[in-house]
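Each chain is listed here by its residues.
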Amino acid sequence: MSVSRKFKLHSCGVLLALATGSASAADAYPKYDFMPGKELAIPHVSGDEKFSNTYRYWKDEEAIAAAKKAGKTSAETNYKDFRWAQKSFDAEGALEIGKQYFNQKNAAGKSCASCHGQDGEKLRGIYANYPAYSKKLKRVVTVGTQIKHCASERLGLDWADDSRPNVLADFYIASLSDGKVINIDATRPGPIKQAYERGRDLFFKRAGHFNFACASCHTPPTVGKRLRSQRPTTFFGDAASYPIYHFPYALAGDDYEYVFTLQHQIKSCHLLSRIYPGAEGSPAMTDIEVFLKASANGYKMSIPGSEYNMDTDYLD
Amino acid sequence: MSHLTKLRYLSMLTLATAGAVGTVAVSFAEEPLKWVPGEVYPAELLKNFPCLDYTLACGKMKSPPVERIEFSGPLEGDAVRGEKIATNLRWGNCIACHVLPTQDGGTIGPTLKGYGAREMPLDYTYQRIWDIRFYNPNAHMPVYGPNKALTDQDVRDVMAYIYSSK
């Protein structure tokens, strides 16, 4: 054994963090517990300027078209040029099933449509403002959690956050907000702002077997590079495409027609980076969703989109 | 962090006979849950590392202490085994971020093609793989040693593999 000496430096790290950091609460943690950059995050899609600084290439459809015309590669545009900008026709089947769940009558002849309208007209646009604070549940909730409670209380149905009817109805409801500009008010003092800040801290917190944070893959220098065959991108804007059609990849046991809600995506990311997966709809996972959704503020919802497509320009 | 075995309350045998006071016997059956490198990491075991939750115990865990290891060689590594570790998604998975001596890979970390020709000190390379935070606390690289993702021998084998590339 030629490993001669082994030192543990953790306490040293704590001292360093205390010595160099400011007096904010976050600095009570050793610096090894967070990836850098959380103080740069703002609740708007343009916040990407402080990270990959590619926002000008994908801020709207025209910008993406112009960047492509100018010969920018997918990697140079932070891989934002295809997911949000392209609609998925393959997802129509899943949307149709979601609509059926929305209209599925219980024994008393009631369905979601009984209150929310045959084509969900009363839910148009709401997805762009979720997660939102629920006065009834006294916490910030995702649409999925809202569906679960609504189905349970009004219809007597057991539609858990990660159940097939919930996820597909969620997808259908999201499609009713296609084109709506996302607005999560994370600047006014209140539960949403608090959720945003907690979610941001979780996003930058190191965890799991590999000691990765969400930020390990979704901030520079990782973004715009190739992570094996994957194309890591910043956390700005992408929430606008969720729930997303994720064919051909799904987790073992999934029965959602390849639809991934943002909650399911976060869980999938956890497993892939060897972090114990959180429960979908849990307060912590909801906070992460608030952070991601608010990081798409000012961006238009784009549903149904596709996680993977046949666009292989990025290989160039 | 050391709970690598899962205690399962197999049965609670209540022996109650007519007219007698019931006796309760609890039997513990030890069923070691182990990660086999190259296979999926058991989700249950991930609870031994920090997680993103407010109620689970792992939600309050911190990153492991930084470990400085002084490595003076000799290397004594197996380059063939090292390549397996470096390319396996469920083991070292170096290929995700690095171009490897014999394979194309990710572009996040520096290429490891021709690593041997760079004549990096063994101690430096060992430390970077074992716990990169010693050199850079903000590195986007797994903490292989302290979290037991790679053993001492695994690190030597991976080193033998990349040093063989001139």
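Rules of the game
Residues numbered from 1 in each chain as written. Chains lettered and ligands numbered in written order. Predicted model: local features only at pLDDT ≥ 70, side-chain atom pairs only at ≥ 80, totals over all residues. Helix = DSSP H or I, 4+ residues; strand = E, 2+ residues; numbered from the N terminus. Buried ≥ 20, exposed ≤ 12 C-beta atoms within 10 Å, placed from the backbone. Contact = placed C-beta atoms within 7 Å. Nonpolar A, V, L, I, M, F, W, Y, C, P; charged D, E, K, R; others polar. Axes fitted to C-alpha atoms, helices over the stretch in contact; angles between N-to-C directions. Parallel < 35°, antiparallel > 145°, perpendicular 65-115°, else oblique. pLDDT = per-residue confidence, 0-100. Arc of directions from axis to C-beta. Core = buried A, V, L, I, M, F, W, Y, C linked by C-beta atoms within 7 Å.

### Here's the deal with the overall build of chain B
Here's step 1: Scanning chain B from N- to C-terminus turns up three helices and three strands.
Here's step 2: In sequence order, the secondary structure elements of chain B are arranged as β-β-β-α-α-α.

### Quick word on the overall build of chain A
Here's step 1: On a plain count of helices and strands, chain A comes out with eleven helices and five strands.
Here's step 2: Residues classed as buried in chain A amount to 50% of the 316 residues present.
Here's step 3: Long-range pairs, those at least 24 residues apart, make up 67% of the contacts in chain A with a sequence separation of at least 6.

### What to know about the interface of chain A and chain B
Here's step 1: Across the boundary between the two partners, chain A contributes 41 residues, which contact 40 residues of chain B.
Here's step 2: Elements supplying a minimum of two residues to the side of chain A that touches chain B: β1 (3-8), α1 (10-20) and α11 (283-294) of chain A.
Here's step 3: Tallying contributions element by element places β1 of chain A first for the side of chain A that touches chain B, with six residues.
Here's step 4: Looking at the side of chain A that touches chain B residue by residue, the class counts come to 19 nonpolar, eleven polar and eleven charged.

### A short note on the packing of helix α1 (residues 79-87) of chain B against helix α3 (residues 152-163) of chain B
Residues and elements named next belong to chain B.
Here's step 1: Two elements in contact, α1 and α3, have axes whose closest approach is 7 Å; the angle formed by their N-to-C orientations is 100°. In this view, α1 runs roughly perpendicular relative to α3, as classed from their interaxial angle. Residues A79, R81, G82, E83, I85 and A86 of α1 form the contact with α3, whose own contacting residues are D154, D157, V158, A160 and Y161.
Here's step 2: When the residues that make up the contact of α1 with α3 are grouped by side-chain class, the tally is six nonpolar, one polar and four charged.

### Re the confidence of the model for chain B
All names here are of chain B.
Here's step 1: Here chain B shows a mean pLDDT of 85. Residues at 70 or above account for 82%.
Here's step 2: Per-element confidence in chain B is highest for α3, whose mean pLDDT is 98, and lowest for strand β1 (residues 5-15), whose mean pLDDT is 33.
Here's step 3: Low pLDDT, under 50, characterises residues 1-23; the predicted model gives this stretch 26 contacts beyond four residues in sequence or across chains.
Here's step 4: Taken over the whole predicted complex, pTM reads 0.87, whereas the ipTM for its chain interfaces reads 0.86.

### Points about α1 of chain B
Here's step 1: Residues of α1 of chain B that are buried include every one of G82, E83, I85 and A86 of chain B, and no others. Buried residues of α1 of chain B, viewed axially, fall in a sector of 165°; they line one side.

### Some remarks on the environment of S302 of chain A
Residues and elements named next belong to chain A.
Here's step 1: Here S302 lies in the segment after α11.
Here's step 2: As for S302 and A215, which are separated by 87 residues in sequence, their C-alpha atoms are 24 Å apart.
Here's step 3: Those residues in contact with S302 that lie beyond four places of it in its chain are W84, D178, A240 and S241.

### Regarding the nonpolar core
Here's step 1: If you look at the biggest cluster of nonpolar residues, it comprises 72 residues, and the most contacted ones within it are L168, F203, A213, V259 and I288 of chain A.
Here's step 2: I288 of chain A has contacts with G199, L202, F203 and I266 of chain A together with L52 of chain B, leaving out every residue within four places of it along the chain.
Here's step 3: Counting residues in hydrophobic clusters, the runner-up holds 24 residues, among them L112, I129, V143 and L150 of chain B.

### Here's the deal with the packing of helix α4 (residues 92-103) of chain A against helix α7 (residues 164-175) of chain A
Residue and element names in this part refer to chain A.
Here's step 1: For the pair α4 and α7, interaxial distance at closest approach is 7 Å and the crossing angle is 105°. Taken as axis vectors, α4 and α7 run roughly perpendicular relative to one another. Only P165, L168, A169, F171, Y172 and S175 of α7 make contact with α4, whose side of the interface consists of A94, L95, I97, G98, K99, Y101 and F102.
Here's step 2: Of the residues contributing to the contact of α4 with α7, the split by class is ten nonpolar, two polar and one charged.

### Let's talk about the environment of V158 of chain B
Residue and element names in this part refer to chain B.
Here's step 1: For V158, the location among the structural elements is in helix α3.
Here's step 2: Take V158: there are 29 C-beta atoms within 10 Å of it, and that puts it in the buried class.
Here's step 3: For the pair V158 and I129, spaced 29 residues apart in the sequence, the C-alpha separation amounts to 9.0 Å.

### Details of the confidence of the model for chain A
Here's step 1: In the predicted model, chain A carries a mean pLDDT of 89, and 88% of its residues have values of at least 70.
Here's step 2: The model gives residues 10-30 of chain A a pLDDT under 50, and that stretch makes 17 contacts with residues more than four places away or in other chains.

### A word on the environment of P221 of chain A
Here's step 1: Note on placement: P221 of chain A falls in the loop between α9 (214-218) and β4 (244-245).
Here's step 2: Sequence separation between P221 of chain A and K138 of chain A is 83 residues, and the spatial gap between their C-alpha atoms is 39 Å.

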